[in-house]
Amino acid sequence: MSGRGGSMRRQLLGLLLGTVALAWGAAALFAYRDAQREIDRLLDAHLAQAAHLLVAQVGHEVEEIEFDDDDDSPYGSVVAFQVWERDGRLRVRSGNAPAQRLSPVDAGFSDAQLAGVHWRVYGAWGEKGAVLVQVAEDHATRDRIARSIARNALLPLLLALPLLALAIGWIIQRGTQPLRALSDEIEARGPDDLDPIATRRLPDEVRPLASRLDGLFARIRDSIAAERRFTSHAAHELRTPIAAIRAQAEVARDSHDADERGAAL
């Protein structure tokens, strides 16, 4: 019974931990998706702001504008930009921007694949439509930030999983203690001990099991009592013919008359 109990506890522990792990995984996936959406919105606003700032600088020394890409933070982003003349001539670009247009879409947001890089691009025309400013950011940066946020959210949960396993195991052990006590009590009983089980200290969930066992014990007591009554009655009924047989046997043994001995036999 102890082996079965241990197996049940292990199964409960495995099911509970598996459920918690699945719930945490779903929460981490949701956090990753949500972080990705929020990061896209935030960085899209950043791109639009950078593009409008460049548009405002057109006519000045645009060549001197350079975005700071020395941020070592995992949340830092590197922005590329281009300024195109109306006739399609590239006026200026950042050092990390390709020589061809970042996106064929002139104004607004767009996505473009260029030289193996997936760009998120925002374009805006300058005053009187003389120049087109395109500002872009590598999508890999956004994915890296979203993964970092999801990883930072999931890592504490993974570290807490062993502690949670210990806590759940202790709770299961405490919760199954009444069952173990009931099992030990039944195992310690002798074959003739069919008294009712004391249910005062048992929880409500275990009392029905104890009541069923008490009913079983009562039926066994009734069956044993019926067998004893039958045995007593049978012995009483057999006592008279056995006495008669014994008396006739004694007559046959002590008789010297052959006819009398034959009649007794």
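Residues numbered from 1 in each chain as written. Predicted model: local features only at pLDDT ≥ 70, side-chain atom pairs only at ≥ 80, totals over all residues. Heavy atoms only, no water.

**Let's talk about the packing of aromatic side chains**
One pass over the full model with this rule turns up one aromatic pair. The ring of tryptophan 125 carries arginine 86 above its face, with NZ or CZ at 4.2 Å from the centroid. (Phe/Tyr/Trp six-rings, centres within 6.5 Å; stacked < 30°, edge-to-face > 60°. Lys NZ or Arg CZ within 6 Å of the ring centre and 35° of its normal.)

**Focus: the sheet that holds strand β2 (residues 90-93)**
Judged by pairing direction, the sheet is antiparallel, and its five strands sit side by side in the order β2-β1-β5-β4-β3 without closing on themselves. Two strands in the sheet have a free side with no partner beyond their single neighbour: β2 and β3 (108-114). The average undirected angle you get between the axes of adjacent strands in this sheet is 25°. Of the strand pairs in this sheet, β3 and strand β4 (residues 117-125) are connected by seven bridges, and their pairing is antiparallel. Residue pairing across strands places leucine 114 opposite valine 117, the latter belonging to β4. Where helix α2 (residues 139-175) meets the sheet, its contacts fall on β3, β4 and β5 (131-138), and the angle it forms with β5 comes to roughly 40°. (Pairing = 2+ DSSP bridges. Helix = DSSP H or I, 4+ residues; strand = E, 2+ residues; numbered from the N terminus. Axes fitted to C-alpha atoms, helices over the stretch in contact; angles between N-to-C directions. Contact = heavy atoms within 4.5 Å.)

**Some points on the pattern of salt bridges**
Enumeration according to the criterion identifies 11 salt bridges in this entry. Across the pair arginine 37 and aspartate 34 runs a salt bridge whose closest N-O atoms are separated by 3.4 Å. In this pair, arginine 37 and aspartate 34 are both assigned in helix α1 (residues 2-57), three residues apart and thus about one turn of the helix distant. On the basis of relative accessibility, which here comes to 41%, the residue arginine 37 falls in the partly exposed class. For the salt bridge of arginine 91 with glutamate 85, the shortest nitrogen-to-oxygen distance reads 3.9 Å. A network of salt bridges, in which partner residues are shared, links Asp40, Asp44, Asp111, Arg120, Glu137 and Arg142. (Salt bridge = Lys/Arg side-chain N within 4 Å of Asp/Glu carboxyl O. Buried < 20%, exposed > 50% of the residue type's maximum accessible area, 1.4 Å probe, protein only.)

Read these as geometric descriptors, not functional statements.
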